[in-house]
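Architecture at a glance
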Amino acid sequence: MTASLIDDIRAAAPALRGRLIANQSLADLTWFRVGGPAEVLFSPADEEDLALLLGALDPAVPVTVIGLGSNLIVRDGGIPGVTIRLGGKPFGSVAVDGDTLRAGTAVPDMRLAKAAAEAGLDGLAFYRGIPGSVGGALRMNAGAHGGETTDVLLEVRGVDRAGNLRSFSHAEMGFSYRHCSAPDDVIFTSALYRGRPGDREAIEAEMDRVTAAREAAQPIRERTGGSTFKNPDGGKAWQLIDAAGCRGLTRGGAQVSEMHCNFLINRDGATAADIEGLGEEVRRRVREHSGYALHWEIKRIGVSADAI
Ligand SMILES: Cc1cc2nc3c(=O)[nH]c(=O)nc-3n(C[C@H](O)[C@H](O)[C@H](O)COP(=O)(O)OP(=O)(O)OC[C@H]3O[C@@H](n4cnc5c(N)ncnc54)[C@H](O)[C@@H]3O)c2cc1C
């Protein structure tokens, strides 16, 4: 099945330049370090190559894009179809022009923050503490410490499932809390940001404050996926989880962090099913205790082990 999918792709797009790998483990590519393989992992050479693959691929084959895997649970049965991960220079560069920055979507958020600081551009220091990529930040409207992607973004380029190049203005991205309503099939390839002229040293000091605050409050050295649930209107997810008695709760090798109870951690050889099951147990207990229905912020993708 897998070999034939790669054969089919090569036959449909002989000029493809990117790398196709069958049965690539995804556990190594996510922060939780769990999950099954991608049936096929594709790393496009550049935007044109990405468009070539998407245009040539049988529309029935599912396509999934991942960034740095810092907000993901990949289920134990892996991801059918083609999983796309952007990397390399064409997707990994930042260019500054006056008060704007254009970044490829494989650029880590932390590098974007650093590039803005070096150029004396303020407003992007919040990215210093977010361990994802620009692509993930666009899809999640990532934010922290009073700043969000929506505050600094001007426009985005991407490629849709049919292989068409698309661009989206800020308004067309439809940002809301940890959400973007650009069509789900679009793979973002680059983004244009605007910073405010500022003082480099003051911006760097702000970035140091962001780092220190995270180290004090979050289990950033654990295998985790960041905030598990969105904060409900008028409440804090961690407080509801704590009040429901879930701090430190375990399931298999997964645990609700003792340090920050809206974080789940892979404490000891957890499976994706342990982590997702623990999250569902937390949701159940919070609903019973306070009546709040928590909504997942972490994206859960792929199929469970018993589906294969
Ligand atoms: C320790 C820790 C702390 C965190 N702190 C914060 C925080 O303070 N604030 C915050 O907002 N988040 C935080 N997160 C969550 C996470 O870092 C962000 O959501 C981040 O933006 C995800 O980026 P990623 O590249 O890892 O995306 P992934 O986790 O790989 O994917 C997330 C989503 O983005 C989509 N995606 C990825 N790349 C693209 C692309 N090129 N085009 C289209 N869609 C794409 C994926 O399909 C998926 O739906 C934290 C996570 C950890 C582990």
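Residues numbered from 1 in each chain as written. Predicted model: local features only at pLDDT ≥ 70, side-chain atom pairs only at ≥ 80, totals over all residues. Heavy atoms only, no water.

**Describing the sheet that holds strand β17 (residues 224–227)**
One open sheet holds the four strands; their spatial order is β17-β20-β19-β18, and the pairing between them is antiparallel. For this open sheet the edge positions go to β17 and β18 (250–251), each flanked by a neighbour on one side alone. The pairing of β17 with strand β20 (residues 263–266) spans two bridges and is classified as antiparallel. Of the residues in β20, the one forming a bridge with threonine 224 is isoleucine 265. Here helix α9 (residues 272–290) sits on the sheet in contact with β18, β19 (254–256) and β20, set at roughly 30° to β19. (Pairing = 2+ DSSP bridges. Helix = DSSP H or I, 4+ residues; strand = E, 2+ residues; numbered from the N terminus. Contact = heavy atoms within 4.5 Å. Axes fitted to C-alpha atoms, helices over the stretch in contact; angles between N-to-C directions.)

**Comments concerning the sheet that holds strand β5 (residues 79–85)**
Sheet strands pair by backbone hydrogen bonding; their relative direction is either parallel or antiparallel. An order of β1-β2-β5-β3 is seen for the four strands of this open sheet, with the pairing classed as mixed. Of all strands in the sheet, those with a lone pairing partner are β1 (19–25) and β3 (63–66), marking the two edges. Neighbour-to-neighbour, the strand axes of this sheet turn through a mean angle of 30°, independent of strand direction. One ladder, built from four bridges, connects β3 with β5; its direction is parallel. Across the sheet, the residue bridging to valine 63 is valine 82, located in β5. Along the sheet, helix α2 (residues 47–56) contacts β2 (37–43), β3 and β5; its crossing angle with β5, the most-contacted strand, is approximately 160°.

**Digging into the side chain of threonine 224**
Of note, threonine 224 is situated in strand β17. A distance of 2.8 Å separates a polar atom in the side chain of threonine 224 from the backbone oxygen of leucine 264. Those residues within four positions of threonine 224 in sequence are excluded, and the remaining contacts are Trp31, Phe32, Pro219, Phe263, Leu264 and Ile265. (Polar contact = N/O pair within 3.5 Å; in protein donor to acceptor, adjacent residues only side chain to side chain.)

**Here we look at the UniProt feature "active site" (unreviewed entry) in the protein chain**
The sites that UniProt annotates as "active site" (unreviewed entry) are Arg178, Ser227 and Glu297. A compact arrangement is adopted by the annotated residues: their sequence extent is 120 residues, whereas the largest C-alpha distance between any two is 10.7 Å. For serine 227, the location among the structural elements is in strand β17. Under the relative-accessibility criterion, serine 227 is labelled partly exposed at 26%. The contacts of serine 227, once residues within four sequence positions are left out, are Asn71, Asn262, Phe263, Glu297 and Ile298. Residue position: glutamate 297 is located in the loop between α9 and β21 (299–301). (UniProt positions renumbered as here; feature names shortened; annotations may be inferred. Buried < 20%, exposed > 50% of the residue type's maximum accessible area, 1.4 Å probe, protein only.)

**A few points about the site of the ligand**
Taken together, 35 residues lie around the ligand, and Val65, Ser70, Ser133, Gly143 and Arg214 are the ones closest in. One of the backbone nitrogen or oxygen atoms of valine 65 is found 2.6 Å away from an oxygen atom of the ligand. Within the contact set of the ligand, an oxygen atom lies 2.7 Å away from a backbone nitrogen or oxygen of glycine 67. About the coverage of the ligand: the protein hides 95% of its 970 Å² of free accessible area. Taken together, the elements giving at least two residues each to the shell around the ligand come down to β3, α4 (134–140), β9 (143–144), β15 (187–194) and β17. The biggest single contributor to the shell around the ligand is α4, with five residues. Looking at the shell around the ligand residue by residue, the class counts come to 17 nonpolar, 14 polar and four charged. Summarising the domain contributions, the shell around the ligand has at least three residues from each of domain 1 (2–85) and domain 2 (90–217). (Near = heavy atom within 4 Å. Areas by Shrake-Rupley, 256 points an atom, 1.4 Å probe, with all protein chains shown as cover. Nonpolar A, V, L, I, M, F, W, Y, C, P; charged D, E, K, R; others polar. Domains from an automatic or database assignment.)

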